[in-house]
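# A structural walkthrough
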Amino acid sequence: MCRILVVDDEIETCNLLSEFLNRKNYNVSVATDGEEAISKVAALKPHVVLLDIRMPRMDGIEVLRRIKQLDDRIDVVMITAVNDEEMGKMAMRLGAFDYITKPLSLNYLEAVVLVRLFMRGT
Amino acid sequence: MEHPKLLVVDDEKTIGEVFERALGKRGYQVHAVQDAGRVLKEIESDFFNIIIVDLKMPGIDGVQLLRRIKQINPYIEVIIITGYGTPQSAVSAIKLGAFDYVTKPFDIIEIEKTIKNCLERQRRAIENIELKELVAFSEVSKTITSMRNVDELLEVILVSAIQVTKARRGSLFLLNEDRDELFLKSSRGFRKDSITEGAIPFNRVASNWLAIRGQPVVVNNTEERLDFSGRENAWASFICFPMASVPLMFHGKILGVVNVCQKDTGDSFTDRDLTLLSVLASEAAIAIENARLYKQLQDKISELEDTISRLNQTQAELIQSEKLASIGRLAAGIVHEICNPLNVISGRVQLLLMDAQRDTHLADSLRIIEEYVSRTSRIANSLLKFARPNQPKISELDINQQLQETIALLEDRFTAKNIRIERDLSHSLPHVSGDKQQFQQVFLNIMLNAEQAMPEGGILKISTRELPQEHCIEIAFSDTGEGIPEENIDNIFDPFFTTKENGTGLGLSVSYGIVKMHKGTIDVQSRQGEGSTFLIKLPVIDTNQR
Ligand SMILES: Nc1ncnc2c1ncn2[C@@H]1O[C@H](COP(=O)(O)OP(=O)(O)OP(=O)(O)O)[C@@H](O)[C@H]1O
Ligand SMILES: [Mg+2]
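Residues numbered from 1 in each chain as written. Chains lettered and ligands numbered in written order. Predicted model: local features only at pLDDT ≥ 70, side-chain atom pairs only at ≥ 80, totals over all residues. Heavy atoms only, no water.

### With respect to the interface of chain B and chain A
Contacts between the two partners involve 20 residues from chain B, matched on the other side by 19 residues from chain A. A combined buried area of about 1,900 Å² lies between chain B and chain A, and 55% of that area is made up of carbon and sulfur atoms. Where chain B meets chain A, there are three salt bridges. When the shortest N-O distance is used, the salt bridge between Arg23 of chain A and Asp355 of chain B registers 2.7 Å. At the junction of chain B and chain A, the tally comes to six residue pairs in polar contact (both at pLDDT 80 or more). (Contact = heavy atoms within 4.5 Å. Buried area = accessible area lost by both parts, 1.4 Å probe. Salt bridge = Lys/Arg side-chain N within 4 Å of Asp/Glu carboxyl O. Polar contact = N/O pair within 3.5 Å; in protein donor to acceptor, adjacent residues only side chain to side chain.)

Dropping the structure here:
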C-alpha cells in the first residue's frame, strides 16, 4: 500500500487530507512542522510527501532539500498558497515532483498521486 | 516772434524794394525775389511766416503755386498782391487759403495792419495746434504707462515720437546690456536698405554716441557734423536730414534711444520738440521698466503655478501608489492567513459532496458553498497579484495588435449585448515595451467595465494615436454608458472601490498598478449619463537605445 506523508502546520489541513486519502485507501501519516517531517520521512519511508511551502521555522523549500538528501526516490508534491506558483516552479527545479495550489481540489490531488504511482509503477 | 520773416514775390523789382525798405524798418525780415519759380525752393530751405505774392506773373499759375505752398507747409500764410482791376482772382485765392489781399498802389500803413492780423492768426493757429497736440500727447503717455506688452509699447512710442514732432522718419534702438550694443528695435519711413537691421556694435551709430552720454540731441544744420572723435561714422542715413535723438533712461540707466528725423514741414526740430520727446521718452522708459517687471512677475507666477501643479501631480501619484503598496502589503498578509482556512473549508465541502446524494438539497447547498469559496479565493488571488505582481515578461509590443487580440476575445459577447466596437487605430503607432499579458489584463478590465456600464448596449470606441511631443502613445476607450458620478471619480482607481453588487473593485486599481509599472499614466474623463473615456499613455520605445 502506498504510504503518504502530509506536512502542514495547519492541523485541520492535515486532518482533511488524511481523511480524504484514508478513504482512498492510502496509508497516511501527518507532520505539522519541518523537524517532525524530516524524522517521519526517515522513519516511515513514505512514497509521496505532500508538503506545504509556507510554514513557520523551517519552510517547505528547506524540508524539500533535506528530504531529497535523505532519499532521492521519495516524491514530493508541494502545496502552495494561491498565487505562489513561482515558488512552486522553483520547488520543481529543486526536485519536487509537482505542485498544487490552495484551495486544493481533492480530485486533482489524487490524480497527481496516481500519476506518480503510475510512473513509478508502485 | 521777434522778427517775422516775410517773402515778397513780384516780378517788378521795385515792389520788392518798397517792401524791404518800408517793412524792414518796422522790424520785419524781408526777403524779396522776382522769380516766382524760386518760391518753392525758398520755403523748403527756410521758414517764412508770410509770403506776399503777386499771382499774376508771366508763366506762373498762381492758383497752383498757392496750393503747393500750403501743401509744403500749411502754417505759412499768404497775402496776395493784386491790381485794382482783378479783385475776382484775389477772392478766389482767399478761398484757396490765402489770408487777404492788398492792392496796388500800396498804402504801407494798411499793409502793415494786414500783416499784423495775419501774424496774429498764424500765432493762434499754431498755438491751437500745439494745444491739440498736447492733449493728444497726454493721451498717448497715459496709454504708454498702462501698456504691458513691451513690443507693442515700443511701437507706440516710436509712432508717437514721429507724430508729436511731425517727423517723416524715426527709429528706436534698445541697449543690450550684456553685450554693450544697441539693436534696432523698430523703424519707420526708412528705405529697407538704408538702415542696418539687428545688432549694431556699440560705436557704430550716432545714436549710440548719444546713448553713452544719455543726452538729448538736436542736429538741424546738416552741414555741421558732430565731432564723434574718431568713432566710425554711420550717420549717413540720419544726418543728411535734421534730426533729434533722446535716450530712454530709467534711474540713470540707459535702455535705448529714440531718433526722429526730417520734419514734414522741412522745419528744424525745436526745443519744444525735444521737450515733448523727452517727456515721451521718460514715460516710455518707466513703462518699459514696468512691463519688464510685469513680465518677470508673470514668468515667476507661471513658473510657480507649474511647480505647484507638478507637485500636486506627484503627490497624487505618490498617494495613489503608496496607498496601493500599503494595501498590497496588508493584503498579502491577509491572503496568506485566509488561505489555509479557505483550503480547509473547501476541502471539507468537497468531502461532504462526495458523500451527499446527487441532486439533493444538501448537495446543491454544498455546491453553492464550493462556488463561493472558490470565488473568495479568486478575490484573494487577485489581491496577491496586486501585492506582488508576477515578474513581468517584457517584450516589444504593437499595442494595436494587443488591442485587436483583446477585442477578438470579447467581440461576440459584446455583439450579443448590443455593444458595437468602433476602432480607430493609428497606422503608424510606435511600439512600446511591456508585458503582453498584463496589458491584456488592463484592456480586459476596462472593456469589461465599459460593457457593464452599457447594460442596454451602446458603442465602445477604441482609438490609438501617437503623441510625439510627449514621446508616448495614447490609447482611448470611450463608452456611451452611464458615466461616473463626480463624487466617485477620485475613487475609482482605489482598491475595493466598486458600485457593483458583484464587483471586487480591483479591476481599475490593478490596471493602475500595471500601467504605472510600465511608466505610463491612466486617466478618466466622464460625465454622468454621457459615458466615460479611459485614457492610457505609454512611453514609446526610445529608438536611440535600441
Ligand atoms: N466605463 C465605466 N463606466 C462607468 N463606471 C465605471 C466604468 N469603469 C469603472 N467604473 C466605476 O469604477 C468602479 C471601479 O471599477 P473596477 O473595475 O475597479 O471595479 P469593478 O468593475 O466594480 O469590479 P471588478 O472589475 O473587479 O469586477 C466601478 O464599480 C464603477 O463604478
Ligand atoms: Mg471592473
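Back to the text.
### Some remarks on the sheet that holds strand 18 (residues 531-539) of chain B
Residues and elements named next belong to chain B. Strand order in this open sheet of five strands is 13-15-16-18-17, and the pairing throughout is mixed. Edge positions in the sheet fall to strand 13 (419-424) and strand 17 (521-527), since each of these pairs with one other strand and no more. Across this sheet, the average inter-strand angle for adjacent strands is 15°, counted without regard to direction. The pairing of strand 17 with strand 18 spans seven bridges and is classified as antiparallel. The partner of Gln525 across the bridge, within strand 18, is Thr533. Along the sheet, helix 11 (residues 399-416) contacts strand 13, strand 15 (458-467), strand 16 (472-479) and strand 18; its crossing angle with strand 13, the most-contacted strand, is approximately 165°. (Pairing = 2+ DSSP bridges. Helix = DSSP H or I, 4+ residues; strand = E, 2+ residues; numbered from the N terminus. Axes fitted to C-alpha atoms, helices over the stretch in contact; angles between N-to-C directions.)

### A short note on the side chain of Asn259 of chain B
Turning to its location among the elements, Asn259 of chain B is positioned in strand 11 (residues 253-263). The class of Asn259 of chain B is buried, set by a relative accessible area of 1%. (Buried < 20%, exposed > 50% of the residue type's maximum accessible area, 1.4 Å probe, protein only.)

### Brief notes about the environment of Glu12 of chain B
Along the chain, Glu12 of chain B turns up in the loop between strand 1 (5-9) and helix 1 (13-24). Between the C-alpha atoms of Glu12 of chain B and Val33 of chain B, which are 21 residues apart in sequence, the distance is 9.3 Å.

### Quick word on helix 5 (residues 106-120) of chain A
Residue and element names in this part refer to chain A. Over its 15 residues, helix 5 extends 21 Å from the first C-alpha to the last, a length consistent with the 21 Å expected when each residue adds 1.5 Å. Residues of helix 5 that are buried: Leu106, Leu109, Glu110, Val112, Val113, Arg116 and Leu117. Viewed along the axis of helix 5, the buried residues span an arc of 155°, placing them on a single side of the element. Across from the buried face of helix 5, at angles greater than 90 degrees, the exposed residues are Asn107, Phe118 and Met119. (Expected span 1.5 Å × (residues − 1). Arc of directions from axis to C-beta.)

### A word on the sheet that holds strand 4 (residues 75-80) of chain A
Residues and elements named next belong to chain A. Taken in spatial order, the five strands of this open sheet run 2-1-3-4-5, and their pairing is parallel. The open sheet terminates on both sides in strands that have one partner only, identified here as strand 2 (27-31) and strand 5 (98-101). When strand polarity is set aside, the average angle formed by the axes of neighbouring strands in this sheet is 20°. Looking at chain direction, strand 1 (residues 3-7) and strand 3 (residues 48-52) are connected through four bridges and run parallel. Within the sheet, the bridge partner assigned to Val6 lies in strand 3 and is Leu50. In the packing of helix 4 (residues 85-93) onto the sheet, the strands contacted are strand 4 and strand 5, and the crossing angle to strand 5 comes to about 165°. Strands in contact with helix 5 are strand 1, strand 3, strand 4 and strand 5; relative to strand 5, the strand with the most contacts, it is inclined by about 170°.

### Points about the environment of Lys104 of chain B
Residues and elements named next belong to chain B. Along the chain, the position of Lys104 falls in the loop between strand 5 (100-103) and helix 5 (108-146). A relative accessible area of 23% means that Lys104 is categorised as partly exposed. Spatially, the C-alpha atoms of Lys104 and Gly83 are 5.3 Å apart, while their sequence positions differ by 21 residues.

### Concerning the side chain of Asp54 of chain B
Residues and elements named next belong to chain B. Along the polypeptide, Asp54 turns up in strand 3 (residues 50-54). In this structure Asp54 comes out as buried when scored by relative accessible area, which is 6%. The residues contacting Asp54, other than those within four sequence positions of it, are Val9, Asp10, Ile81 and Lys104.

### Describing the pattern of salt bridges
In the structure shown here, the tally under the stated rule is 30 salt bridges over all chains. Asp8 of chain A is paired through a salt bridge with Lys102 of chain A; the nearest N and O atoms lie 3.4 Å apart. Residue Asp8 of chain A is found in the loop between strand 1 and helix 1 (11-23), and its partner Lys102 of chain A is found in the loop between strand 5 and helix 5; the two are separated by 94 residues along the sequence. Lys102 of chain A gets classed as buried once you look at its relative accessible area, which sits at 3%. When the shortest N-O distance is used, the salt bridge between Asp151 of chain B and Lys185 of chain B registers 3.1 Å.

These results come straight from atomic positions and should not be treated as a statement about function.
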